[in-house]
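Residue-level structural notes
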Amino acid sequence: AMVTGGLIAANAGVLREALLDADCREDGRSARESRPVTLQLEHCLQPSHQDKSRAPQVTMASVAVGKTRATATVSARIEETPIDRAHEGSFSLFVDCDRELELAFGQEKQQEASRCLDQLLKHGRALDLESLCIVPGRLAWSIRLDVRVAESDGNVLDACAVAAVAAMKSFVRPDHRVSELASPADGGEGEGEGRSRKAASIVPLEEREGVRLTVHHSPFTVSFVAFAKPAEGGEDGNADDEEGGDDAMDTGEGVSGDEGSDDEAEDLRANFVYAIDATLAEESCCDARVVAAADSEGYLRLMRKLGGRPLPRGDLTLLARLACVRARELGAYVEAECRSFDERSRRERVRRKHNPKAGAGSGAGAGGIKLELGQVAAIRPVDEDALGMDLDDRAMAEAASEAEAAGEGPRKVVEMPARPGAGAARAKGRK
């Protein structure tokens, strides 16, 4: 971490000069160009499946934005509902990072990402909590979202937001079955001798189709960094411009990406140059940071300025419009990936249902013959005349038939002298 910080500090002037003068960044992008985003989805089993109240399947989303990687895991379990929310389930969110990134990533950025995601997903009511209720006042589903930063090269918040939304939209919780359990009334507090209480059990996904989460809106964050242009006097300009404090701004009612365009975004007449999707080096040497969040429909949900110098109000409005356009692009990409993942999962379930394991229905119950893939077992019909033969006669008949099949011709069978009393015993047995 110390070596990385030293390299960034030594090259800060070069990065600023290249971006301000030539509109070129360290990885060859322009100021308004984002890094490619890749998304991978998968269903995994819970590490500990002994807990009967926990859903056995979790959904994991892995997102890579350049060299920045983040994962989000969604799990569910049945819990008792709190008293103040009798008709709702619960939703909890946690943000963490690997031990190797604790020094480089910093506790401040981790708390910053946790606050933004909590405000967007939990306090923004992105998830319908009423649909998670099982028994009002008793039982409900509890959804847990764990976001983990694997690698950090700038713009960690945007990667975490994409991973969280994709995992929530692709998660399938199992259905539940409610049953009534009769319990005797307490000594003096019971209301009746036949009082009953309800219990919920999880139905396996193999027996019944799962239930998806009801996601009202899909918010995505878009981060910007600001670099001040040098004034003619040699100092950075725009020091006495309009206010732009560090506090969170209003959500910008009426601001939508439908009104914005690339021509308006290019007309940033202030003394700042704004870059989207900053790397770790650009975040370390910038003059201000701005985070705007919008949903997939292009409506602004959050606008926050994270430290640095004051920025003009008009620039913030144009950045909000750019964020709405970018959020629609991210929403379309995540929606397409989720549909493709759902189709693959459905085909996999159908394949497992109609193609069980080989030999499941033809092993010990089919005459002891085990059928393997790529093999055909020829079962000879049973000779009814041979059913009355004893073991000696059957062995000789089989030896003769094998010799005839091998082309050796019928062998001469030498009859052994009968044991005394063997014929009478054999005739008696046949009768």
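Structure: above.
Nothing here was measured: the structure is a model prediction, and the numbers come from that model.

Let us now look at the overall build of the chain. Along the backbone of the chain there are 10 helices and 15 strands. Counting only residues that meet the buried cut, the chain has 38% of its 431 residues in that class. Across the chain, the fraction of contacts at a sequence separation of at least 24, relative to all contacts at a separation of at least 6, is 76%. Surface exposure of the chain reaches about 25,600 Å², of which carbon and sulfur atoms provide 49%.

A word on the pattern of salt bridges. Tallied over the full model, the rule gives 20 salt bridges. The partner of Arg29 in a salt bridge is Asp277, with the nearest N and O atoms 3.6 Å apart. In this pair, Arg29 is assigned in the loop between helix H2 (12–22) and strand S1 (37–45) and Asp277 in the loop between strand S13 (272–276) and helix H7 (280–285), connecting sequence segments 248 residues apart. When its relative accessible area of 6% is taken as the criterion, Arg29 is described as buried. Exposure remark for Asp277: the relative accessible area of 3% places this residue in the buried category. Note that Glu343 and Arg347 form a salt bridge whose closest N and O atoms lie 3.3 Å from each other. With Glu343 and Arg347 both in helix H8 (residues 313–354) and four residues apart, this pair spans about one turn of that helix. Here the residues in one salt-bridge network are Asp27, Arg29, Arg35, Asp153 and Asp277, joined through shared partners.

As a further point, take the packing of aromatic side chains. For the structure shown, the criterion picks out one aromatic pair. Between Phe272 and Tyr274, the ring centres sit 6.2 Å apart and the planes meet at 35°, which makes this aromatic pair tilted. Residue Phe272 shares its accessibility class with Tyr274, and that shared class is buried.

Time to look at H2. Those residues of H2 lying buried are Ala12, Leu15, Arg16 and Leu19. One side of H2 carries all its buried residues, which in axial view fall inside an arc of 95°. Exposed residues on H2 whose side chains face more than 90 degrees from its buried face are Val14, Glu17, Asp21 and Ala22. Downstream of H2 by a residue or two, Asp23 has a phi angle that is positive, lying close to 55°.

Another aspect to go through is the packing of helix H5 (residues 156–170) against H8. Direction vectors running N to C along H5 and H8 enclose 40°, while the axes themselves pass 10 Å from each other. In this structure, H5 meets H8 at a crossing whose hand is right-handed. Taken together, the residues of H8 that come into contact with H5 (itself represented by Val162, Ala166, Lys169 and Ser170) are Leu330, Val334, Glu335, Cys338 and Phe341. Grouping the amino acids of the contact of H5 with H8 by side-chain chemistry returns six nonpolar, one polar and two charged.

Now for the side chain of Glu283. Topologically, Glu283 is positioned in helix H7. Given a relative accessible area of 15%, Glu283 falls into the buried group. Here the side chain of Glu283 touches Asn155 through a polar contact of 2.8 Å, landing on its backbone nitrogen. Apart from the residues within four sequence positions on either side, Glu283 is in contact with Lys109, Gly154, Asn155, Val225 and Ala278.

Conventions adopted
- Think of each chain on its own: its residues are numbered from 1, step by step along the sequence as written.
- Confidence filtering applies because this is a predicted model: local features only for residues at pLDDT of at least 70, side-chain atom pairs given and counted only at 80 or more, and all residues used for totals across whole chains, interfaces and linings.
- As a rule here, side-chain values come from all non-hydrogen atoms in the structure, and water together with hydrogens is ignored.
- What counts as a helix is a DSSP run of H or I of at least four residues, what counts as a strand is a run of E of at least two, and both are numbered from the N terminus.
- Relative accessibility thresholds used throughout: buried, under 20% of the residue-type maximum; exposed, over 50%; partly exposed, between the two (1.4 Å probe, protein chains only).
- Residues are treated as being in contact if the distance between any of their heavy atoms lies within 4.5 Å.
- Only the protein chains shown count as cover for residues, with accessible areas throughout obtained via the Shrake-Rupley method and a probe of 1.4 Å.
- Salt bridges are defined as contacts in which a side-chain nitrogen from Lys or Arg sits within 4 Å of a carboxyl oxygen from Asp or Glu.
- In summary, the pairing rule links any two rings of Phe, Tyr or Trp, Trp by its six-membered ring, whose centres are within 6.5 Å, and it sorts them by plane angle into stacked for under 30 degrees, edge-to-face for over 60 and tilted for everything else.
- Directions are taken from the helix axis to each C-beta atom, and the arc is the one they span.
- A fitted line through C-alpha atoms represents every axis, and for helices the fit uses only the stretch in contact; the resulting angles, taken between N-to-C directions, go from 0 to 180 degrees.
- Handedness of each helix crossing follows the sense of rotation of the near helix against the far helix: counterclockwise by less than a right angle gives left-handed, clockwise gives right-handed.
- Any residue that is not Ala, Val, Leu, Ile, Met, Phe, Trp, Tyr, Cys, Pro, Asp, Glu, Lys or Arg is counted as polar, Gly included; the first ten are nonpolar and the last four charged.
- Polar contact is the term for a pair of N or O atoms within 3.5 Å; when the atoms are in protein, one must be able to donate a hydrogen and the other to accept it, and sequence-neighboring residues count only if both atoms are side-chain atoms.

As far as function goes, none of this settles anything; it's purely spatial.
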